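Given next are the chains, with one letter for each unit.
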Amino acid sequence: MALTLANLDAETRSFETQEILADIAAGKLYISARLSPAGAQVYPEILKKAAEQHDDTWFASQLQGKFNATENRNVKGKIISASVPVNAHEMLAEGEFNRFYLRGLCLRAIQNNIPHLVIYRAKTVSNPRAESEAKIGTTINPASLLADLRNNIGIDTALGLPAGPNSGLSAKLP
């Protein structure tokens, strides 16, 4: 199910794409270890195209089949081989598309002197976490969120937005 991103329009997409290109140029674009070598090679271009013209659902469809079959996991201090989840393409697409959407939205807010963004649920989830529910309707400073998202590539952010895999949270202009 696609994220309903309230401000995913030409202006936000332009800033979103700018952020992707900056990460690519700086060599800090997050490339999931779950991607196959061929998948990792095409990932940046697919992400850029998704930001310019599509959404997270399209992005996920383009990533399907571009993952390794297995991955190594540390379970209680022991490295084991495990299957990559069948929905890995959806989790990666949703998470990274939302992160770049948020970065683009932050730049848009900063440029337009908008002092805060509003956190909302962009995707219906069957079992919402209490900590996610508590964030809905709260506001966040776009400069702080942008710095957090830029500094925490591929991991959870300090400010907790997005709030981990499958949280369904995003932000919008007030």
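Remember, it's a predicted structure, so these values are computed and weren't measured experimentally.

Engineer: Just to check I follow, could you spell out the overall build of the chain for this structure?
Structural biologist: Summing up its helical and strand segments, the chain has six helices and five strands in all. Each helix and strand of the chain, placed in order from N terminus to C terminus, yields the pattern α-α-α-β-β-α-β-α-β-α-β. Taking 16 Å as the expected radius of gyration for a compact globule of 174 residues, we find that the chain reaches 16 Å, a close match to that expectation. Classification of the 174 residues of the chain by burial places 45% in the buried group. Long-range pairs, those at least 24 residues apart, make up 70% of the contacts in the chain between residues at least 6 apart in sequence. When the accessible surface of the chain is split by element, carbon and sulfur atoms take 52% of a total near 8700 Å².

Engineer: Explain empty space enclosed by the protein here, please?
Structural biologist: With the rule as written, the count across this model stands at one cavity of 30 Å³ or more. There is about 50 Å³ of room inside the largest cavity. Taken together, Asp23, Glu96, Arg99, Phe100, Arg103, Leu149, Ile153 and Gly154 form the lining of the largest cavity. With four residues, helix 4 (residues 88–111) is the single largest residue contributor to the lining of the largest cavity. In the lining of the largest cavity, the residues fall into three nonpolar, one polar and four charged.

Engineer: Explain the pairing of strand 2 (residues 78–83) here, please?
Structural biologist: Side chains on a regular strand alternate between the two faces of the sheet. Pairing analysis gives six bridges linking strand 1 (residues 70–75) to strand 2, with the strands arranged antiparallel. Of the residues in strand 2, the one forming a bridge with glutamate 71 is alanine 82. Counting the residues between successive antiparallel strands, the hairpin from strand 1 to strand 2 contains two residues, one of them, lysine 76, with a positive phi of roughly 55 degrees.

Engineer: Quick question: what am I supposed to make of the packing of aromatic side chains here?
Structural biologist: For any pair of aromatic rings, the description rests on two quantities: the centre-to-centre distance and the angle between the ring planes. Applying the stated criterion across every chain yields a total of one aromatic pair. When the centroid spacing of 5.7 Å and the interplanar angle of 40 degrees are considered together, the rings of tyrosine 43 and phenylalanine 59 count as tilted. You can see tyrosine 43 sitting in helix 2 (residues 37–53) and its partner phenylalanine 59 sitting in helix 3 (residues 56–63), a full 16 residues away along the chain. We note that tyrosine 43, like phenylalanine 59, is buried. Here the basic side chain of lysine 172 rests over the ring of tyrosine 120, its NZ or CZ set 5.2 Å away from the ring centre.

Engineer: Got a minute to help me understand the environment of leucine 149 in this structure?
Structural biologist: Residue placement: leucine 149 occurs in helix 6 (residues 142–151). C-alpha of leucine 149 to C-alpha of arginine 103: the two residues are 46 residues apart in sequence and 6.9 Å apart in space.

What counts and how
Residues numbered from 1 in each chain as written. Predicted model: local features only at pLDDT ≥ 70, side-chain atom pairs only at ≥ 80, totals over all residues. Heavy atoms only, no water. Helix = DSSP H or I, 4+ residues; strand = E, 2+ residues; numbered from the N terminus. Rg over C-alpha atoms; globule rule 2.2 N^0.38 Å. Buried < 20%, exposed > 50% of the residue type's maximum accessible area, 1.4 Å probe, protein only. Contact = heavy atoms within 4.5 Å. Areas by Shrake-Rupley, 256 points an atom, 1.4 Å probe, with all protein chains shown as cover. 1 Å grid on protein atoms, 1.4 Å probe; cavity = no way out; pocket = protein on both sides within 12 Å on 5 of 7 lines; lining within 4 Å. Points joined across faces, edges and corners; volume = space filled by probe spheres on them. Nonpolar A, V, L, I, M, F, W, Y, C, P; charged D, E, K, R; others polar. Pairing = 2+ DSSP bridges. Phe/Tyr/Trp six-rings, centres within 6.5 Å; stacked < 30°, edge-to-face > 60°. Lys NZ or Arg CZ within 6 Å of the ring centre and 35° of its normal.

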